[in-house]
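# Report on the structure
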Amino acid sequence: MDGDGTFLPDQQNRLKAQIKILKERLAKANEKQKRLKRELLEEDISYLVVTKLANTFTDPTITAKRDISNAKQDIFDQMRQAVKNNCIQEMISYHRLCGRTIFNFKRNHVGIRLETFYDRTYKEPYYLLFLKDDFSKVDRHTLPPFIPIHELEKKFMPHNIETFIRIVHDCVQAYVTRREQLNEINKLTEEGYDIKILSENMSKSDVDIKVHISSRVLRVNIKYENKTSAYPTQVNITDERGIIESTDDYEEHITKYIS
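Quick look at the structure, then. Note that the structure is predicted; figures quoted are calculated from it, not measured. (Residues numbered from 1 in each chain as written. Predicted model: local features only at pLDDT ≥ 70, side-chain atom pairs only at ≥ 80, totals over all residues. Heavy atoms only, no water.)

### Quick look at the overall build of the protein
Within the protein, the secondary structure is distributed over five helices and 11 strands. Sequence separation of at least 24 residues holds for 33% of the intrachain contacts in the protein that already meet a minimum separation of 6. Approximately 19100 Å² of the protein is accessible, and the part contributed by carbon and sulfur atoms is 55%. (Helix = DSSP H or I, 4+ residues; strand = E, 2+ residues; numbered from the N terminus. Contact = heavy atoms within 4.5 Å. Areas by Shrake-Rupley, 256 points an atom, 1.4 Å probe, with all protein chains shown as cover.)

Quick look at the structure:
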């Protein structure tokens, strides 16, 4: 203490005061450091969030350009696939026009596809499958049960396989033609015409038809003895009085009868 009573700190007190000031500064520095770390962490989190959102919600102009580019590529791919499919269908049509095609089926079979037609339209195909090491008989097939395949095998296989396939094809084609002709008669019946199929067998080779002509009721029986043909071998026309005409000149007599 000096002469006027003022307290003067000694060296020790000055050191304590300086240490206190330094501690306060250090505490403030630590607090500032923590605050800066927290701010940096928040900035990092914000950056990650913004980046993620930016990747999710891109610039609409860029997205539009990308979508247009993808759409063009999709259209091009679809056009190329359509052209390819058309070429394949065209080649298949060329093969189908031949009526008969051959193909490999799995490992052990060779297949024959038999096309059928009616009124310029493809109908259902039929298939014959032969074992690759045995062409003496048909191993599997999709033919109707009334096709005499076993009789034809005994007669033509294996030395005349081309004739065998041709006759089988003629049989299924004739059957499809007869069936479609009868379907046309059924359509006439549905449309109100006075004609009706009374009976028909499975192969459509024996058919009875009733028709009203000039106020008379006629019954027409049609037989197809030749199973490879769509033309009848016998036609009998009767009314309530009995047979009017059969087979050879029935068209001439039915014309006279109607007139």
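### Here we look at the side chain of threonine 116
Locating threonine 116 in the fold gives a position in the loop between β2 (109-114) and β3 (117-118). A relative accessible area of 0% places threonine 116 in the buried class. From its side chain, threonine 116 meets the backbone oxygen of glutamate 124 in a polar contact 2.6 Å long. Once you skip the residues sitting within four places of it in the chain, threonine 116 turns out to touch Thr121, Tyr122, Lys123, Glu124, Tyr126, Val172, Gln173 and Val176. (Buried < 20%, exposed > 50% of the residue type's maximum accessible area, 1.4 Å probe, protein only. Polar contact = N/O pair within 3.5 Å; in protein donor to acceptor, adjacent residues only side chain to side chain.)

### Comments concerning the sheet that holds β2
One open sheet holds the four strands; their spatial order is β1-β2-β5-β6, and the pairing between them is antiparallel. Each of the sheet's edge strands pairs with one partner strand only, and the pair in question is β1 (100-105) and β6 (140-141). Bridging between strand β5 (residues 126-131) and β6 involves two bridges; their strand directions are antiparallel. Bridge pairing links leucine 129 to arginine 140 in β6. Along the sheet, helix α4 (residues 161-190) contacts β1, β2 and β5; its crossing angle with β5, the most-contacted strand, is approximately 160 degrees. (Pairing = 2+ DSSP bridges. Axes fitted to C-alpha atoms, helices over the stretch in contact; angles between N-to-C directions.)

### Overview of the pattern of salt bridges
Summed over all chains, the structure comprises 10 salt bridges. The partner of arginine 120 in a salt bridge is aspartate 119, with the nearest N and O atoms 3.5 Å apart. Exposure remark for aspartate 119: the relative accessible area of 48% places this residue in the partly exposed category. As a salt-bridge pair, arginine 179 and glutamate 180 come within 2.9 Å of each other at their nearest N and O atoms. This pair shows no difference in class: arginine 179 is buried, exactly as glutamate 180 is. Three or more residues joined by partner-sharing salt bridges are found here, namely Lys123, Glu124, Arg179 and Glu180. (Salt bridge = Lys/Arg side-chain N within 4 Å of Asp/Glu carboxyl O.)

### Let's talk about α4
For α4, which comprises 30 residues, the first-to-last C-alpha distance of 43 Å matches the rise-based estimate of 44 Å (1.5 Å per residue) to within 8%. Following α4 by one or two positions, glycine 192 has its phi on the positive side, about 105 degrees. (Expected span 1.5 Å × (residues − 1).)

### Regarding the packing of aromatic side chains
Within this structure, the stated rule accounts for four aromatic pairs. Consider the rings of phenylalanine 130 and phenylalanine 135, whose centres lie 5.4 Å apart with planes at 20 degrees: the pair is stacked. With a relative accessible area of 32%, phenylalanine 135 lands in the partly exposed category. Between the NZ or CZ atom of arginine 178 and the centre of the ring of tyrosine 224, over which it lies, the distance is 5.3 Å. (Phe/Tyr/Trp six-rings, centres within 6.5 Å; stacked < 30°, edge-to-face > 60°. Lys NZ or Arg CZ within 6 Å of the ring centre and 35° of its normal.)

### Re the nonpolar core
With 20 residues, the main nonpolar core has Leu114, Leu128, Phe130, Leu143, Phe164 and Val168 as its most contacted residues. Secondary structure elements with two or more residues in this core: β2, β5, α3 (149-156) and α4. For this core, the leading source of residues is α4, giving eight residues. Apart from residues lying up to four places away in sequence, phenylalanine 130 is in contact with Asn108, His109, Val110, Ile112, Phe135, Lys137, Val138, Asp139, Met157, Ile161 and Phe164. Among the nonpolar cores identified, the runner-up in size contains 13 residues, and Ile197, Ile209, Val220 and Ile237 belong to it. (Core = buried A, V, L, I, M, F, W, Y, C linked by side-chain atoms within 4.5 Å.)

### Overview of unusual backbone geometry
For the bond from methionine 157 to proline 158, the omega torsion is -5 degrees, close enough to zero to count as cis. By the secondary structure assignment, proline 158 is in the loop between α3 and α4. Phi angles above zero are rare outside glycine, and aspartate 119 is one such case at about 55 degrees. Summarising the element assignment, aspartate 119 is placed in the loop between β3 and β4 (121-122). For lysine 204, which is not glycine, the phi dihedral falls at a positive 60 degrees. On the secondary structure map, lysine 204 appears in the loop between β7 (195-200) and β8 (206-213). The class of lysine 204 is buried, set by a relative accessible area of 15%.

That is the geometry; function is a separate question.
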